[in-house]
Amino acid sequence: MTSETASKPKLRAQRRPADLVFQAVSTIAGFSILITLGLVAFFLIIQSIPAMVGELPGPADNFLDYVIPLAFGTVWAAFLAMLMAVPVSVSIALFITHFAPRKLASAIGFVIDLLAAVPSVVYGLWGMAVVSGFMRPAYEWLAANASWIPLFNGTASGTGRTVFTAAIVLAVMVLPIITALCREVFLQTPTLHEEAALALGATRWEMIRMAVLPFGASGIVSSSILGLGRALGETMAVAMVLSPSVVISFVIISSSNPATIASNIALNFPEAHGISVNALIGSGLVLFVITVLVNTLARVLINRNPRTGGAK
Amino acid sequence: MKFTKLGRVAAIAAAGALLLSSCAANEGGGDNTDDNGGDETTSLSGTLNGVGASSIGAASEAWVAGFQTANDGVTVNYDAQGSGAGREAFVGGGADFAGSDAVLDAGEESALCSADGYPINLPIYISPIAIVFNLDGIDELNMDAATITQIFKGEITNWNDEAIASQNEGVDLPDQAISPVYRSDDSGTSENLADYLHEVAPDDWTEEPSGTWPWDGGEGAQQTSGVVDAVSNNIGTFGYMDASRADGLGTVALQVGDEYVPYSAEAAAAVVDASPIEEGRPDGDLAVQIDRTTTESGVYPAVLVAYAIACSSYEDAAKGELVQEYLTYITSEDGQQVAEDAAGSAPLSPTLRDQITESISQMAG
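Let me sum up the structure you'll find in this document. (Residues numbered from 1 in each chain as written. Chains lettered and ligands numbered in written order. Predicted model: local features only at pLDDT ≥ 70, side-chain atom pairs only at ≥ 80, totals over all residues.)

## With respect to the overall build of chain B
Here is step 1 of the chain: Along the backbone of chain B there are 11 helices and 11 strands.
Here is step 2 of the chain: Taking all 365 residues of chain B together, the buried fraction comes to 49%.
Here is step 3 of the chain: In chain B, once contacts between residues fewer than 6 apart in sequence are set aside, the share between residues at least 24 apart is 73%. (Helix = DSSP H or I, 4+ residues; strand = E, 2+ residues; numbered from the N terminus. Buried ≥ 20, exposed ≤ 12 C-beta atoms within 10 Å, placed from the backbone. Contact = placed C-beta atoms within 7 Å.)

This is the structure we're talking about:
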């Protein structure tokens, strides 16, 4: 009995079938992401080649003329949305984690999460029926009184369906994403850092500035990027709210607004045929590239400022 | 703690997936309202798949319901993916028939047609396009095509402009800026309106007609509902839409010859009668070339005509018989009435219906 056990190699981890199966499943799942992304990129490239080499119908006859205003509109609308959403989201997250009483904080957190569950069509309806009408008098006032600022130098839209209205709707849509992630990050701030700051006589705001924000900086960036991805790709709400044209214009109160890539695809794909389909898919490829660039940028920013490194 | 975090991330991911999936365009699926109570059913059976224009989506739902009630064994699907998609599906053999706002080019072929068959276009749906506006206390205005175009292009910017006033003596036009509203999506309504304005006022509407709006400066709105919303919720707006949706808004009577013709179902059907069939089309193909510049009395030339595109003879004879029966039903007086009730279209005139019936009867089953 004893000799038998001694002759065997000692304590080798047994390869259980469950382990093997689980490893295989998770490996396949991991690779399937890469394969899917690769196939999407492949499809976009193959389908968009005819539009890039051929002549397009309509006012823009080559692909670059066609796609540049769209790419501009996509980035511009998302940028305006982020300008509104990021400060508000960070403030909400700080309020929930550091200022609000516990009960109120969890109630607000719940409502914010609910915002993320509202379908984009509903946001579109809201933007179209409520926000645009609400903002119209403001646009008229700005056109009359503030036209020396280039942003407001145009004829005010008669219906309020401007890029700024679209950006407001987008901001509300990305708000829950950024807030929820920032809240998680701020909760992770080491209590020791916070207490140390307070013990050194910092006010609560100084403590947040010295301990919480540096610690959460990379978290704010990465949550903003997730939100930005959403804003760049949002389709239905923008299609319903925005009055699109083929222009590159920074004016945010007129009815000539640059269209976004995703909304342009949604509006024109149903009736498109022939090379127009290729052009639309080509614009999708450009959106894909923009998204990849944005995500890469975020990676670089986060790596430069690793999670714990901020607090000095 | 870790699990809550994971759970939150998963919840966000799930919510994101939900949101993304809700972005899919609304697809009007014809629902299969099989009515087993119908006692007069035929021996027909099989499945018929159509793809095409969304303009006939509402009418198609009603047609499918009516046809399936009468023919218990038949299932008809109409997928309103758009005219272009419909034509492509038909040519490639993916759909048994197509619905389209524009005719199939002469010489195109379909994998579905038999050796001596060829694609034919049959007008099945006529919809007047109403040019609408929203001004307090004014229900109707007279305009010629040049004025309409100049408003859409932003060259006439105020309702009290001389060009409008001179055509509407006695109407008290307000000092109010005009906000032109157009369809921001690619649509057959835009294309047919553009075609009308381009034919009648080529010096003003200089762009080739297409489904996308060529002018800057107007207000874009998505689909008919978006245009209705933008026009009716703002004062001084000016737009165009399927006439069936124009209730409650002011409408424009178009100048035809020396008179101004308000839209009506009869006037819209009349312009199709007054128009010739495109030259060089094979026997049975009714590709109507709408005569937008007609000066005949009582016709309304801003119409959208949707066609059914089918084979004159199908490779699969059983399929051919089904298509034949279905087209007979939708172009019948009964079928046209159903479409008028469901979608507000203008019924085909008796003259045109006779021509269509003849074409359909020539289809080899």
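And the narrative resumes.
## A word on the overall build of chain A
Here is step 1 of the chain: Along the backbone of chain A there are 11 helices and 2 strands.
Here is step 2 of the chain: Scanning chain A from its N terminus toward the C terminus, one meets helices and strands in the order α-α-α-α-α-α-α-α-α-β-β-α-α.
Here is step 3 of the chain: Since a compact globule built from 312 residues should have a radius of gyration of about 20 Å, the 25 Å found for chain A marks it as more spread out than a globular shape.
Here is step 4 of the chain: When its C-alpha atoms are laid out on the principal axes, chain A stretches across 95 × 60 × 35 Å.
Here is step 5 of the chain: Long-range contacts, defined here as pairs at least 24 residues apart, represent 80% of the contacts in chain A between residues at least 6 apart. (Rg over C-alpha atoms; globule rule 2.2 N^0.38 Å.)

## So, the interface of chain A and chain B
Quite often, the size of an interface is put as the accessible area lost when its parts meet.
Here is step 1 of the chain: Contacts between the two partners involve 34 residues from chain A, matched on the other side by 41 residues from chain B.
Here is step 2 of the chain: For the side of chain A that touches chain B, the elements supplying multiple residues, two or more each, are helix 5 (120–145), helix 6 (163–187), helix 9 (236–241), strand 1 (244–245) and helix 10 (261–268) of chain A.
Here is step 3 of the chain: Classifying every residue of the side of chain A that touches chain B gives 18 nonpolar, 13 polar and 3 charged. (Nonpolar A, V, L, I, M, F, W, Y, C, P; charged D, E, K, R; others polar.)

## Things to note about the nonpolar core
Here is step 1 of the chain: In terms of nonpolar packing, the biggest core is built from 105 residues, with I126(B), A130(B), A268(B), Y300(B), V303(B) and V305(B) touching the most fellow members.
Here is step 2 of the chain: When residues of this core are assigned to their parent elements, the largest contribution, 10 residues, is made by strand 4 (residues 119–134) of chain B.
Here is step 3 of the chain: Formed by 81 residues, the second largest nonpolar core is a distinct cluster that contains A116(A), Y139(A), L175(A) and V238(A). (Core = buried A, V, L, I, M, F, W, Y, C linked by C-beta atoms within 7 Å.)

## Some details on helix 6 of chain A
All names here are of chain A.
Here is step 1 of the chain: Compared with an ideal rise of 1.5 Å per residue, which puts 25 residues at 36 Å, helix 6 spans 35 Å between its outermost C-alpha atoms and is within 8% of the ideal.
Here is step 2 of the chain: Where helix 6 bends most, at V174, the angle is about 35°, and the proline P176 comes one to four residues later.
Here is step 3 of the chain: Of all 25 residues that make up helix 6, 23 are buried, and the element is covered over most of its length. (Expected span 1.5 Å × (residues − 1). Bend = angle between axes of the 7 residues up to and from the residue.)

## Some words on the pairing of strand 9 (residues 250–256) of chain B
All names here are of chain B.
Here is step 1 of the chain: Here 2 bridges tie strand 4 to strand 9, and the two strands are oriented antiparallel to one another. Looking across to strand 9, one finds that F133 is bridged to G250.
Here is step 2 of the chain: With 4 bridges connecting them, strand 5 (residues 140–143) and strand 9 associate as parallel partners. Residue pairing across strands places E140 opposite T251, the latter belonging to strand 9.
Here is step 3 of the chain: Note: strand 9 against strand 10 (residues 259–261), 3 bridges, orientation antiparallel. By the bridge assignment, L254 is partnered in strand 10 with V261.
Here is step 4 of the chain: Connecting strand 9 to the antiparallel partner strand 10 that follows it, the hairpin turn spans 2 residues, and G257 within it adopts a positive phi of roughly 65°. (Pairing = 2+ DSSP bridges.)

## Concerning the pairing of strand 4 of chain B
Residue and element names in this part refer to chain B.
Here is step 1 of the chain: Burial runs high along strand 4: 16 of the 16 residues are buried.
Here is step 2 of the chain: Of the strand pairs in this sheet, strand 4 and strand 11 (residues 303–311) are connected by 9 bridges, and their pairing is antiparallel. By the bridge assignment, I120 is partnered in strand 11 with A310.
Here is step 3 of the chain: Inspection of the sheet shows strand 4 paired to strand 8 (residues 237–242) by 6 bridges, in the antiparallel sense. Directly across from A130, in strand 8, lies its bridge partner M241.

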